[in-house]
There are 2 protein chains.
Amino acid sequence: MTIVERKERQRAERYELILATARELAEAEGWDAVTTRRLAALIDYSQPVLYSHFKGKAEIMAAVATRGFKELAARLEAETANATGDTDTLRNVCAAYLDFARSRPVVYEAMFVLPTKIKFASEETPPALRAAFAAFVTALGPHRQESVFLAEVLWSALHGMVVLMQSERIPAIGDEDRLNILVRKFGNDDV
Amino acid sequence: MTIVERKERQRAERYELILATARELAEAEGWDAVTTRRLAALIDYSQPVLYSHFKGKAEIMAAVATRGFKELAARLEAETANATGDTDTLRNVCAAYLDFARSRPVVYEAMFVLPTKIKFASEETPPALRAAFAAFVTALGPHRQESVFLAEVLWSALHGMVVLMQSERIPAIGDEDRLNILVRKFGNDDV
DNA sequence: GCAATTAATCTAGCGATGCTAGAATAGGGC
DNA sequence: GCCCTATTCTAGCATCGCTAGATTAATTGC
């Protein structure tokens with residue numbers, strides 16, 4: 001069985017190599033530059049090898065996105081876990097979300113912008129994605145009415161800020177100010 | 001000169017035909033289906049004719065987007081103009097924005113989602129786009145601190161709701177509830 | 001250790017895409 | 001009616017995602 005194991009391990013390594021290379025190429029030149037030919041050349045294999053791991057380019061991007069969900073969830077949960085009960089938890093979670101988007105713009109794009117087959121807000125939703133959303137609900141504090149809708153609106157605002165900034169539709173400067181406003185508006189002093 | 005005039009008029013008509021056809025095809029099957037070949041076939045001309053009007057597909061989409069800015073600005077200004085001073089102005093403007101996105105999803109996509117050469121928040125920004133943004137500032141009411149940043153955050157929230165809904169990342173139901181929350185949070189009772 | 005079988009990988013190609021150079025065709029001016 | 005100019009089309013390029021079939025490598029059976 002050890003031969004089979006070795007093969008499986010090598011396949012798994014190549015799977016990871018494809019994902020890492022796709023992400024790096026996207027980070028360097030954008031998703032449009034991630035063509036199956038370039039990706040194959042970068043991993044020193046021919047095109048069809050990609051299709052033995054993934055059904056197509058979209059599935060590669062979905063896999064990169066799934067990794068992103070895990071990282072995002074970890075970052076957000078780190079903030080809610082450390083929550084000392086002070087009122088800064090909401091701000092910290094929002095800041096962590098914006099930081100993630102800033103540090104991994106193309107992964108963010110695959111997760112939340114580009115067409116994806118990943119199901120949101122359904123039973124098939126990946127656990128990491130649910131966890132990330134749950135962090136918003138937690139950060140908004142307990143005992144609030146319509147907390148799911150509230151979290152959706154907060155997330156919408158953050159997402160809007162991210163994509164409008166990334167596409168240069170709102171200025172990069174003002175970042176901090178906008179976060180301040182958002183936290184003030186969604187803080188726990190109910191209006 | 002009458003012959004030249006006729007030619008110019010025919011060219012202008014064909015320009016409009018291209019834009020209308022591109023929009024209709026996008027509305028029917030999405031922007032991916034708007035290929036230069038299909039578009040040319042639909043207007044009963046060959047491909048290169050498109051390039052005598054536009055530099056490329058991106059420019060056609062930008063032209064459709066520009067028309068969209070005008071329509072959006074008109075819709076939003078209709079709400080701020082009718083403002084009787086009551087507190088519903090903000091809600092009406094937000095609702096008008098969401099309605100526009102709902103009624104013209106692909107135009108909205110060209111305006112605010114897809115990569116575009118149209119400059120936002122700069123001196124080259126089209127007047128209609130400025131007017132639309134100004135409507136948000138107005139709707140938020142006078143004498144408010146950081147009114148531009150505030151408007152940017154409001155717009156971000158609305159945009160986030162639109163794109164996350166259109167890409168099925170937040171559920172279609174809850175629409176009304178989310179609007180209620182947003183208006184409550186951004187209402188003029190400063191916190 | 002060698003042949004036969006199976007698995008892995010590659011070459012080559014299909015039907016599209018956006019875009020364009022050069023040929024063909026129309027139209028207006030004299 | 002002829003010529004010239006402007007318009008439009010035909011045909012093709014490079015590239016895209018993806019795949020069938022040939023080819024090579026690895027594994028198994030003897």
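Worth saying up front: this structure is predicted, and the values here are computed from it rather than measured.

## Observations regarding the side chain of Thr80 of chain A
Residue and element names in this part refer to chain A.
Point 1. Here Thr80 shows up in helix H4 (residues 57-81).
Point 2. Overall, Thr80 belongs to the buried group, its relative accessible area being 17%.
Point 3. Here Glu77 takes part through its backbone oxygen, which lies 3.1 Å from a polar atom of the side chain of Thr80.
Point 4. Non-local contacts of Thr80, meaning those with residues more than four positions away in its chain, are made with Thr89, Val93, Ala135, Thr138 and Ala139.

## Some remarks on the side chain of Ser156 of chain B
Point 1. In this fold, Ser156 of chain B is placed in helix H8 (residues 147-166).
Point 2. Excluding residues within four positions of it along the chain, Ser156 of chain B makes contact with Ser156, Ala157, Gly160, Met161, Leu164 and Ile170 of chain A.

## Brief notes about the domain arrangement of chain A
All names here are of chain A.
Point 1. Along its sequence, chain A is carved into domain 1 (1-53) and domain 2 (62-186).
Point 2. For domain 1 versus domain 2, the separation of C-alpha centres amounts to 29 Å.
Point 3. Tallying the contact residues gives seven residues for domain 1 and nine residues for domain 2.
Point 4. Taking both partners together, domain 1 and domain 2 bury about 740 Å²; carbon and sulfur atoms supply 68% of that area.
Point 5. In this structure, Arg104 engages Glu27 in a salt bridge whose closest nitrogen and oxygen atoms are separated by 3.4 Å.
Point 6. For the pair domain 1 and domain 2, the number of links is three residue pairs in polar contact (both at pLDDT 80 or more).

## As for the protein's contact with DNA strand D
Point 1. Taken together, 18 residues lie near DNA strand D, and Arg6, Thr36, Gln47 and Lys57 of chain A together with Ser46 of chain B sit nearest.
Point 2. Among the atoms of DNA strand D lying within 4 Å of the protein, the sugar-phosphate backbone contributes 52%.
Point 3. A distance of 2.9 Å separates a base oxygen of DNA strand D from a polar atom in the side chain of Arg37 of chain A.
Point 4. At 3.0 Å from a phosphate oxygen of DNA strand D is found a side-chain nitrogen or oxygen belonging to Tyr51 of chain A.
Point 5. Listed by contribution, the elements that provide at least two residues to the surface near DNA strand D are helix H1 (2-29), helix H2 (36-42) and helix H3 (47-53) of chain A together with helix H3 (47-53) of chain B.
Point 6. Looking at the surface near DNA strand D residue by residue, the classes come out as seven nonpolar, five polar and six charged.

About the thresholds
Residues numbered from 1 in each chain as written. Chains lettered and ligands numbered in written order. Predicted model: local features only at pLDDT ≥ 70, side-chain atom pairs only at ≥ 80, totals over all residues. Heavy atoms only, no water. Helix = DSSP H or I, 4+ residues; strand = E, 2+ residues; numbered from the N terminus. Buried < 20%, exposed > 50% of the residue type's maximum accessible area, 1.4 Å probe, protein only. Polar contact = N/O pair within 3.5 Å; in protein donor to acceptor, adjacent residues only side chain to side chain. Contact = heavy atoms within 4.5 Å. Domains from an automatic or database assignment. Buried area = accessible area lost by both parts, 1.4 Å probe. Salt bridge = Lys/Arg side-chain N within 4 Å of Asp/Glu carboxyl O. Near = heavy atom within 4 Å. Nonpolar A, V, L, I, M, F, W, Y, C, P; charged D, E, K, R; others polar.

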